[in-house]
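Structural overview for review
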Amino acid sequence: MNQLSDRLNSLSPSATLAMSQKSSELKAQGVDVINLSVGEPDFNTPDHIKEAAKKAIDENYSRYSPVAGYPALRNAIVEKLKKENGLEYTAAQISCANGAKQSVCNTILALVNKGDEVIVPAPFWVSYPEMVKLAEGTPVIVRAGIEQDFKITPAQLEAAITPKTRALILCSPSNPTGSVYSKEELAGLAEVLAKHERVIVIADEIYEHINYIGKHESIAQFPAIKDRVVIVNGVSKAYAMTGWRIGFIAAPEWIVKGVNKLQGQYTSGPCSVSQKAAEAAYTGTQEPVEEMRKAFERRRDLIVKLAKEIPGFEVNVPQGAFYLFPKCDSFFGKKDGDRVVSNAEDLAMYLLEVGHVACVGGTSFGAPECIRMSYATSDENIVEAMRRIKETLARLK
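Computed from a predicted model, the values in this text were never measured in an experiment.

Our next topic: the overall build of the protein. Of regular secondary structure, the protein possesses 13 helices and 14 strands. Its C-alpha atoms give the protein a radius of gyration of 21 Å, near enough to 21 Å, the size a compact globule of 397 residues would have. Dimensions along the principal axes, computed over C-alpha positions, put the protein at roughly 60 × 55 × 55 Å. Buried positions account for 56% of the 397 residues belonging to the protein. Long-range pairs, those at least 24 residues apart, make up 74% of the contacts in the protein between residues at least 6 apart in sequence. A total accessible area of about 16900 Å² is found for the protein, and carbon and sulfur atoms account for 51% of it. Across the protein, the mean location of the 46 positive side-chain charges is 2 Å away from that of the 48 negative side-chain charges.

Written out as structure tokens, the structure is:
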């Protein structure tokens, strides 16, 4: 009998990867699809980082690394956190993994027991609740709509905490909304968390450098809760290194030791050559990071302007990452001939199959009234994609 485990059967497939796959299939059939579904920079990895990888190969960095990563990389991360974030850590408080995605999952698996509750603000990245389920925990969804810029309030957080609460997952800048918590907003959440000593904060800061407000703020800056914060970050987004697969956590040493114990049993240390490339990313020039950030900001301004010109879209102005998350429920129930758009997933599929633009429906992000568009693509693609979307949506009556 072909029977998968209950653990696997409890998980949902990734909606973002599924839509990207569908887009690729249509492209392979010769359809001119503009893909706004994928969450990765369209830039190439900066040259000095690639050169470091080539050098690492020539120097035979081809063997297993320590489970937590090479000391040189962990020390580079320590310096980055001190210089950029004003946060003090030691190399023993850093654990590197195969991407920030594994870092998040490692942390959840290391901390969450069966029946523990994990607060997940919605909209959320599609994998957060699934990772909690994998750990046999219970995701507790706290909804924040476009009217509050997709950010939860201290009062909402307080109301969600119970004796079973083990963790809060906080993503800023946010995937899928691009919303960014200010220092004042984080201080309000930290004040609530300080009263609940069992609650760990998993702070996903992978989009740290792609922000349009001048400075990233980490919730780990507040002394009252720093010893209960796990920072998750990596090189994927800021350095256009998605395929290199290097992420890390910075956390209290007892959590890092637990994560290392777990990782040691199922992947060991991340790719040796990628680690040397990541070390160069953190220690070398940061000019490419700023160049890419400026390009994303220009694209943000462009896509927001064009989206606001589409009747039926409700749009906020994202302050970070490279996503737009318009509210689109005004189209639900409308038709194009015999085709009915009943929800965000229908709308995303309609835009793909009729407009040839790939977006992702918001249900998997905990916001069934929205769709996600990635503007990590060229200005020309953005202009053409929004033209197609506007024309296609105008057909719905």
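Enumeration over the complete set of coordinates arrives at 27 salt bridges. Three or more residues joined by partner-sharing salt bridges are found here, namely D32, E384, R387, R388 and E391.

The strand order across the open sheet formed by three strands is 9-14-13, and the pairing between neighbours is antiparallel. Each edge of the open sheet carries a strand with a single partner, namely strand 9 (323–324) and strand 13 (360–361). In the sheet, strand 9 pairs with strand 14 (residues 371–374) via two bridges, with the strands oriented antiparallel. Opposite L324, over in strand 14, you have M373 as the bridge partner.

Residue pairs three or four apart in sequence face the same way in an α-helix, which turns once every 3.6 residues. For helix 6 (residues 127–134), a buried count of six out of eight residues is recorded, marking the element as mostly surrounded by other parts of the structure. For helix 6, the complete set of buried residues consists of S127, Y128, P129, E130, M131 and V132. Looking at the packing, one finds that the buried side of helix 6 touches helix 5 (100–111), strand 3 (117–122), strand 4 (138–143), strand 5 (165–171) and strand 6 (200–204). Once helix 6 finishes, E136 follows within two positions and takes phi at roughly 65 degrees, a positive value.

A separate point is the layout of surface pockets. Rolled over the atoms, a probe sized like a water molecule indicates the empty space that remains. Computed from the structure, the largest pocket encloses a volume of approximately 540 Å³. Lining the largest pocket are 28 residues, and of these G39, K101, W125, Y207 and K237 sit closest to its centre. When contributions to the lining of the largest pocket are tallied by element, the ones reaching two or more residues are helix 2 (15–28), helix 5 and helix 6. Taken together, the residues of the lining of the largest pocket break down into 11 nonpolar, 11 polar and six charged. Its volume calculated, the second largest pocket comes out at about 400 Å³. As for the second largest pocket, its lining consists of 19 residues, and the residues nearest its centre are E84, E208, H209, Q286 and V289. Counting residues per element, the ones that place at least two in the lining of the second largest pocket are helix 4 (71–85), helix 10 (272–283) and helix 11 (287–308).

A separate point is the state of the cysteines. Per the stated rule, a full pass over the model turns up zero disulfides. Its sulfur unpaired, C359 is 9.2 Å from the next cysteine sulfur, which belongs to C328. Looking at C359, the relative accessible area reads 0%, which means it is buried.

What follows concerns the nonpolar core. F313, M373 and I389 are the most contacted members of the largest nonpolar core, which has 81 residues in total. With near-sequence residues (within four places) excluded, I389 lies in contact with I310, F313, L351, V357, C359 and M373.

Further remarks concern helix 2. Over its 14 residues, helix 2 extends 20 Å from the first C-alpha to the last, a length consistent with the 20 Å expected when each residue adds 1.5 Å. Looking only at helix 2, the buried set comprises A15, T16, M19, S20, S23 and L26. Buried residues along helix 2 cover an arc of 135 degrees about the axis, so they all sit on one side. Those residues of helix 2 that are exposed and angled more than 90 degrees off the buried face are L17 and A28. Tucked inside the fold, the buried residues of helix 2 contact strand 1 (34–35), helix 12 (344–353), strand 12 (357–358), strand 13 and strand 14. Within two residues after helix 2, G30 carries a phi angle of roughly 95 degrees, on the positive side.

Okay, empty space enclosed by the protein next. This structure, assessed with the given rule, holds two cavities of 30 Å³ or more. One number sums up the size of the largest cavity: a volume of about 130 Å³. As for the largest cavity, its lining consists of 18 residues, and the residues nearest its centre are P121, P123, C171, S174 and Y181. For the lining of the largest cavity, the per-class residue count stands at 14 nonpolar, three polar and one charged.

Basis of the calculations
- Residues numbered from 1 in each chain as written.
- Predicted model: local features only at pLDDT ≥ 70, side-chain atom pairs only at ≥ 80, totals over all residues.
- Heavy atoms only, no water.
- Helix = DSSP H or I, 4+ residues; strand = E, 2+ residues; numbered from the N terminus.
- Rg over C-alpha atoms; globule rule 2.2 N^0.38 Å.
- Buried < 20%, exposed > 50% of the residue type's maximum accessible area, 1.4 Å probe, protein only.
- Contact = heavy atoms within 4.5 Å.
- Areas by Shrake-Rupley, 256 points an atom, 1.4 Å probe, with all protein chains shown as cover.
- Lys, Arg positive; Asp, Glu negative; His and termini not counted.
- Charge placed at Lys NZ, Arg CZ, Asp CG, Glu CD.
- Salt bridge = Lys/Arg side-chain N within 4 Å of Asp/Glu carboxyl O.
- Pairing = 2+ DSSP bridges.
- 1 Å grid on protein atoms, 1.4 Å probe; cavity = no way out; pocket = protein on both sides within 12 Å on 5 of 7 lines; lining within 4 Å.
- Points joined across faces, edges and corners; volume = space filled by probe spheres on them.
- Nonpolar A, V, L, I, M, F, W, Y, C, P; charged D, E, K, R; others polar.
- Disulfide = S-S within 2.5 Å.
- Core = buried A, V, L, I, M, F, W, Y, C linked by side-chain atoms within 4.5 Å.
- Expected span 1.5 Å × (residues − 1).
- Arc of directions from axis to C-beta.

The analysis is restricted to geometry; functional conclusions fall outside its scope.
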